[in-house]
Amino acid sequence: FAPKVYEKHFDSDGKPKCEISMKKKRPVFNSAKARISNNENLNSDEKRHVLKTNKKVAKELANKSGGTKKKIKNKSSKWREESNTFREAMRASRLIAKAEIEGKPAHYYL
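From a predicted model like this one, the values you see are computed outputs, not experimental measurements. (Residues numbered from 1 in each chain as written. Predicted model: local features only at pLDDT ≥ 70, side-chain atom pairs only at ≥ 80, totals over all residues. Heavy atoms only, no water.)

Considering the overall build of the chain
Here comes step 1: The helix and strand tally for the chain stands at four helices and zero strands.
Here comes step 2: Listing the helices and strands of the chain from first to last along the sequence gives α-α-α-α.
Here comes step 3: Counting the 110 residues in the chain, one finds 5% classified as buried.
Here comes step 4: For the chain, the proportion of contacts with a sequence separation of at least 24, taken over those separated by at least 6, is 0%.
Here comes step 5: Total accessible area on the chain is roughly 10,600 Å²; 56% of this is exposed by carbon and sulfur atoms. (Helix = DSSP H or I, 4+ residues; strand = E, 2+ residues; numbered from the N terminus. Buried < 20%, exposed > 50% of the residue type's maximum accessible area, 1.4 Å probe, protein only. Contact = heavy atoms within 4.5 Å. Areas by Shrake-Rupley, 256 points an atom, 1.4 Å probe, with all protein chains shown as cover.)

Written out as structure tokens, the structure is:
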């Protein structure tokens, strides 16, 4: 390594700096908090109140989303049943039409 590059990537003991930084957990970024703290129109009490309500809303949404997954799953299975029924009906109508063209009884291919 070149001396400048070595200084940049290794500390004085020769250990890579990336190992040191990888041991630390990166904090989760709270965009609502950053948005509110940068808002000059709100005083400190209003900022606290908005943050508390934001946390409540986030919890409610998390609880609601758990219940909606089950509903979506039921809807998709109902849709799948209807789709399969429709496909079977279309298949049967094609077979009946084929039988009629050939002059055979309608139930011949079914």
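Thoughts on the pattern of salt bridges
Here comes step 1: Scanning all chains against the criterion turns up one salt bridge.
Here comes step 2: We note a salt bridge from Glu102 to Lys104, for which the minimum N-O separation is 3.6 Å.
Here comes step 3: Look at Glu102 and you get partly exposed, because its relative accessible area is 39%.
Here comes step 4: Classification of Lys104 by relative accessible area gives partly exposed; the value is 32%. (Salt bridge = Lys/Arg side-chain N within 4 Å of Asp/Glu carboxyl O.)

Topic: the packing of aromatic side chains
Here comes step 1: In this structure the tally under the stated criterion is one aromatic pair.
Here comes step 2: Centre to centre, the rings of Tyr6 and Phe10 are 4.7 Å apart; their planes meet at 20°, and the pair counts as stacked. (Phe/Tyr/Trp six-rings, centres within 6.5 Å; stacked < 30°, edge-to-face > 60°.)

Re a positive patch on the surface
Here comes step 1: A contiguous patch of positive charge on the surface is contributed by Lys33, Lys52, Lys55, Lys56 and Lys59.
Here comes step 2: In terms of residue count, the dominant contributor to the positive patch is helix 4 (residues 44-102) (four residues).
Here comes step 3: Here Lys56 shows up in helix 4.
Here comes step 4: According to the relative accessible area criterion, Lys56 is exposed, its value standing at 56%. (Patch = residues over 30% accessible without salt bridge, like charges linked within 9 Å, V, L, I, M, F, W, Y side chains within 5 Å. Lys, Arg positive; Asp, Glu negative; His and termini not counted. Charge placed at Lys NZ, Arg CZ, Asp CG, Glu CD.)

Concerning the environment of Val50
Here comes step 1: Position of Val50 among the secondary structure elements: in helix 4.
Here comes step 2: C-alpha separation for the pair Val50 and Ala32, spaced 18 residues apart in sequence, amounts to 9.1 Å.

Regarding the confidence of the model for the chain
Here comes step 1: When pLDDT is averaged along the chain, the result is 77; 86% of the residues meet or exceed 70.
Here comes step 2: Per-element averaging of pLDDT across the chain places helix 2 (residues 17-23) at the bottom with 73 and helix 1 (residues 3-9) at the top with 82. (pLDDT = per-residue confidence, 0-100.)

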